[in-house]
Amino acid sequence: MPTQHIAEILAGSDVFSGAVPYHLGFLASKAQVFSFKVGHEIFATGDPSEALFVVLEGRVRIIRLAEDGQEIGLGFIDAGSIFGEISMLDGKGRSASAVAYEKCRLGVICRSDFFSFLDLEPENSRRLLLILCGRLRDTIDQVHSIGLKGVEASVARTLLWLASNYGKVRDDGVLIDIKLGQREVGTFAATSRESVSKAFGLWREAGHIDRAGNK
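All values derive from a computational prediction rather than experimental measurement. (Residues numbered from 1 in each chain as written. Predicted model: local features only at pLDDT ≥ 70, side-chain atom pairs only at ≥ 80, totals over all residues. Heavy atoms only, no water.)

Novice: Help me understand the environment of Ala7 in this model?
Specialist: Tracing the chain through its elements places Ala7 in helix 1 (residues 2-11). It is 32 Å that separates the C-alpha atoms of Ala7 and Glu184, two residues lying 177 residues apart in sequence. Residues within four places of Ala7 in sequence aside, it is in contact with Leu24, Gly25 and Ala28. (Helix = DSSP H or I, 4+ residues; strand = E, 2+ residues; numbered from the N terminus. Contact = heavy atoms within 4.5 Å.)

Novice: How should I be thinking about the nonpolar core in this particular structure?
Specialist: One broad trend across soluble globular proteins is that nonpolar side chains are buried collectively. Residues Leu10, Phe16, Val54 and Phe114 are the most contacted members of the largest nonpolar core, which totals 23 residues. Those elements giving two or more residues to this core turn out to be helix 1, helix 2 (21-29), strand 3 (51-57), helix 3 (85-90), helix 4 (111-120) and helix 5 (122-148). It is helix 1 that provides the largest number of residues to this core, a total of four residues. Once you skip the residues sitting within four places of it in the chain, Phe16 turns out to touch Leu10, Leu24, Leu27, Leu52, Ile82, Phe114, Phe117, Asn124 and Arg127. Of all hydrophobic cores here, the second largest spans 16 residues; its members include Phe43, Ala51, Ala100 and Cys104. (Core = buried A, V, L, I, M, F, W, Y, C linked by side-chain atoms within 4.5 Å. Buried < 20%, exposed > 50% of the residue type's maximum accessible area, 1.4 Å probe, protein only.)

Novice: Explain the packing of aromatic side chains here, please?
Specialist: Two numbers describe a pair of aromatic rings. These are the distance of the centres and the angle of the planes. Evaluated as defined, the whole model comprises 13 aromatic pairs. Between Phe43 and Phe53, the ring centres sit 5.5 Å apart and the planes meet at 40 degrees, which makes this aromatic pair tilted. In this pair, Phe43 is assigned in strand 2 (residues 41-43) and Phe53 in strand 3, connecting sequence segments ten residues apart. For the pair formed by Phe43 and Phe53, the shared burial category is buried. Ring pairing ties together the aromatic residues Phe76, Tyr101, Trp161, Tyr166 and Phe188, which thus form one cluster. Note that Arg94 overlies the ring of Phe43, its terminal NZ or CZ placed 4.3 Å from the centroid. (Phe/Tyr/Trp six-rings, centres within 6.5 Å; stacked < 30°, edge-to-face > 60°. Lys NZ or Arg CZ within 6 Å of the ring centre and 35° of its normal.)

Geometric values such as these leave the question of function open.
Structure below.
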């Protein structure tokens, strides 16, 4: 059942881990389920933040446009994960856009129901503060790292991140098991497709990486 599935996903997230199952069931019962086609914009940067999302099926891509119009990839949200919870807390505009990377089905929980849940789970508020502090530290470290390292380092870091999250270990190396073009890799590395192509060319010649189709 969708409600049970949503409750299980919530229980597995860092935001809701440790919560009473009955309370998670209450929160999951408030969710509405929507389906999105590939490429459909779920929300855009600046949109009101009135809900968090639970990915029941498919994959969502988080992006942001730079001032020059360049698309910056911020990550993927896979089935079994939640997103949008941070912006939902203050109710201000979304800090990034979310697009259906694959056909997906999402559970949507509104802000008022989330705060009703916190009233039932005061300990969860403390846990949420610790999570927010950790994410802020990670963001500061990431900005510092980007500022100090060059383009090749950014591309390499992106590949390592992809390998860590989507890698399958094989005899000949680690296969990044998600189809991504050079332009999409560039959005995650905050650089151009040409820079990614150049870095890939150097690493292929050195025997560090190889490509098969879009993998």
